[in-house]
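# Fold and geometry: a report
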Amino acid sequence: MKGYWLIVGTEISDQEAQAGYARLWRPIGEKYQARSNPMKQPPLVKEARDAGRVVVEFPSLEMAKACYDYPA
């Protein structure tokens, strides 16, 4: 069974900081075979209006948990 993260956040106000975060995330995501926004249609989120959403898919729930717990 695949594992997923649903990340709900607000509008990005610091593009430079976001780019730095993306650089740090890339090798971790590759290590855990994460795919960002793999769905053709974004999920419907009823309670978080006006919020950005990112779906991250992993090959398994165990890999999703391990990635979340990864100290880096």
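Residues numbered from 1 in each chain as written. Predicted model: local features only at pLDDT ≥ 70, side-chain atom pairs only at ≥ 80, totals over all residues. Heavy atoms only, no water.

### Overview of the overall build of the protein
Heads up, the rule is: In DSSP terms, a helix is any run of H or I states spanning at least four residues, a strand is any run of E spanning at least two, and both are numbered starting from the N terminus. With a 1.4 Å probe rolled over the protein chains alone, any residue whose accessible area is under 20% of its type maximum counts as buried; one over 50% counts as exposed, and the rest are partly exposed. Accessible surface area values rest on a Shrake-Rupley calculation with a 1.4 Å probe, where residue burial reflects the displayed protein chains alone. When charges are counted, neither His nor the chain ends are considered; positive counts come from Lys and Arg and negative counts from Asp and Glu. Note that the charge is assigned to NZ on lysines, CZ on arginines, CG on aspartates and CD on glutamates.
Counting its secondary structure elements, the protein contains 2 helices and 3 strands. When its helices and strands are written in sequence order, the protein yields β-α-β-β-α. The principal-axis extents of the C-alpha atoms in the protein amount to approximately 30 × 30 × 20 Å. Every one of the 72 residues in the protein was classed for burial, and the buried ones make up 22%. Per element, the accessible surface of the protein, about 5,900 Å² overall, is 53% carbon and sulfur. Separation of charge centres in the protein, based on 10 positive and 9 negative side chains, amounts to 7 Å.

### Things to note about the packing of aromatic side chains
In plain terms, the rule: Stacked, tilted and edge-to-face pairs are distinguished by plane angle, under 30 degrees for stacked and over 60 for edge-to-face with tilted covering the rest, among Phe, Tyr and Trp rings (Trp via its six-membered ring) whose centres lie within 6.5 Å.
Under the defined criterion, the tally for this structure stands at 4 aromatic pairs. Taken together, a centroid distance of 5.7 Å and an interplanar angle of 45 degrees make the contact between Trp 5 and Trp 25 tilted. Of this pair, Trp 5 sits in strand β1 (residues 3-9) while Trp 25 sits in helix α1 (residues 15-31), and the two are 20 residues apart along the sequence. With a centroid separation of 5.0 Å and 55 degrees between ring planes, the pair formed by Trp 5 and Phe 58 is classed as tilted.

### Observations regarding the pattern of salt bridges
So the rule is basically this: Any carboxyl oxygen of Asp or Glu that lies within 4 Å of a side-chain nitrogen of Lys or Arg is treated as forming a salt bridge with it.
Evaluation of the coordinates by the stated rule reveals 2 salt bridges. Salt-bridge contacts for Glu 57 lead to Lys 2; the nearest nitrogen and oxygen are separated by 3.5 Å. Taken together, the residues span a long stretch of sequence, with Glu 57 in strand β3 (residues 52-58) and Lys 2 in the segment before β1 at a distance of 55 residues. Overall, Lys 2 belongs to the partly exposed group, its relative accessible area being 44%.

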